[in-house]
Amino acid sequence: MATPVTVYGPPLSTAVSRVLVCLLEKDVPFQLVPISMAKGEHKKPDYLKIQPFGQVPAFQDDEITLFESRAICRYIADKYPSKGTMGLFGTNPLVKASIDQWLEAESQSFNPPSSILAFQLVFAPRMKLKQDKALIKQNEAKLVKVLDIYENRLGESRYLAGDEFTLADLSHLPNTQYLVEKTNRAELFMSRRNVGRWWDEISSRPSWKKVVEMQNAPSQ
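Scope of this entry: the structure provided in the associated data block. All of these numbers come straight from a predicted model, not from anything done at the bench. Per-chain numbering applies: the sequence of each chain, read as written, is numbered from 1 onward. With pLDDT at 70 or above as the cut-off, local features in this predicted model cover only qualifying residues; side-chain atom pairs require 80 or more to be listed or tallied, and sums for whole chains, interfaces and linings still use all residues. Only heavy atoms go into the side-chain values, all of them from the structure, while hydrogens and water stay out.

## Some thoughts on a nonpolar patch on the surface
Quick note on the threshold: Patch building starts from residues that exceed 30% relative accessible area and form no salt bridge, then joins like charges within 9 Å and nonpolar side chains (Val, Leu, Ile, Met, Phe, Trp, Tyr) within 5 Å. Computed by Shrake-Rupley with a 1.4 Å probe, the accessible areas treat only the displayed protein chains as cover when residues are assessed. Definition used for salt bridges: Asp or Glu carboxyl oxygen within 4 Å of a side-chain nitrogen of Lys or Arg. Working definition: helices are DSSP H or I runs of at least four residues, strands are E runs of at least two. Numbering for both runs from the N terminus. Between buried and exposed lies partly exposed: a residue is buried under 20% and exposed over 50% of the maximum accessible area for its type, with that area taken using a 1.4 Å probe on protein chains only.
Together, F119, M127 and L129 make up an exposed nonpolar region whose accessible area comes to about 280 Å². One can find L129 in the loop between helix 4 (93-126) and helix 5 (133-153). Taking the relative accessible area as the measure of exposure, L129 reaches 41% and is therefore partly exposed.

Following this line, the structure appears as structure tokens:
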């Protein structure tokens, strides 16, 4: 039996949860090794050997070590094309380019404001840190502009890269989950008919429900 791949990091991390949902979509067995960032485990020498930037996740597949969640997801989808959800990263160069295009949009345009909002609105209160109201307002305005573009796109196709669920959609799950379910900013998504329909659909996938269960487990 093949050795399961290993993911290092806590499920509550948006980057870790991105990798976990990809593995579940592809039906790839994995071992999860929680890394306590509060205890500084991500800065220990042994961990830095597999993740030199001291961040999560880190990923191992036999002798291969990877970091950066989107790169890991691309690798998983390419290595296991016939397992689980087909076409997660496309089946021809044109489809792959379309998926990559929206993955870049997520990384460059959606992720920065949504990550800041998730931290300020969800994690800062948990960490007893003062919220930066000006920063929240600034990034909410940035996110609105991105979601307006998404609303138009999702009026043309079922998913961002076409009519099939792909990494382009999957990559949005972690941050959006926090903003829709853990803040009072859900209307940013749900007030837009196409974005709301898209979110309801992608967040209802069994793979993501499993990740949310892992995030809500008592040990977290």
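## Some points on helix 3 (residues 69-79)
Structural remark: α-helix, 3.6 residues per turn; residues separated by three or four positions point the same way. Formally: The contact rule is simple, with two residues in contact once any of their heavy atoms fall within 4.5 Å.
Of all the positions in helix 3, only S69, R70, I72, C73, R74, I76 and A77 are classed as buried. At its buried positions, helix 3 is contacted by helix 1 (14-25), strand 3 (58-61), strand 4 (64-67), helix 4 and helix 6 (167-170).

## Describing the sheet that holds strand 1 (residues 5-8)
Operational definition: Any two strands with at least two DSSP bridges between them are considered paired. Axes here mean lines fitted to C-alpha atoms, for a helix over just the part in contact, with angles spanning 0 to 180 degrees between N-to-C directions.
Strand order in the open sheet made by the 4 strands is 2-1-3-4, with mixed pairing throughout. Edge strands, defined here as strands with exactly one partner in the open sheet, are strand 2 (30-33) and strand 4. Neighbouring strand axes in the sheet, compared pairwise and without regard to direction, differ in orientation by 20 degrees on average. By the bridge criterion, 3 bridges tie strand 1 to strand 3 in an arrangement that is antiparallel. For Y8, the partnering residue across the bridge sits in strand 3 and is A58. The sheet strands contacting helix 1 are strand 1, strand 2 and strand 3, and the helix crosses strand 1 at an angle near 155 degrees.

## Thoughts on the environment of L66
Its location among the elements puts L66 in strand 4. When the C-alpha atoms of L66 and S171 are compared, they prove to be 17 Å apart, with 105 residues separating the residues in sequence. Contact partners of L66, with chain neighbours within four places excluded, come to A58, F59, I72 and Y75.

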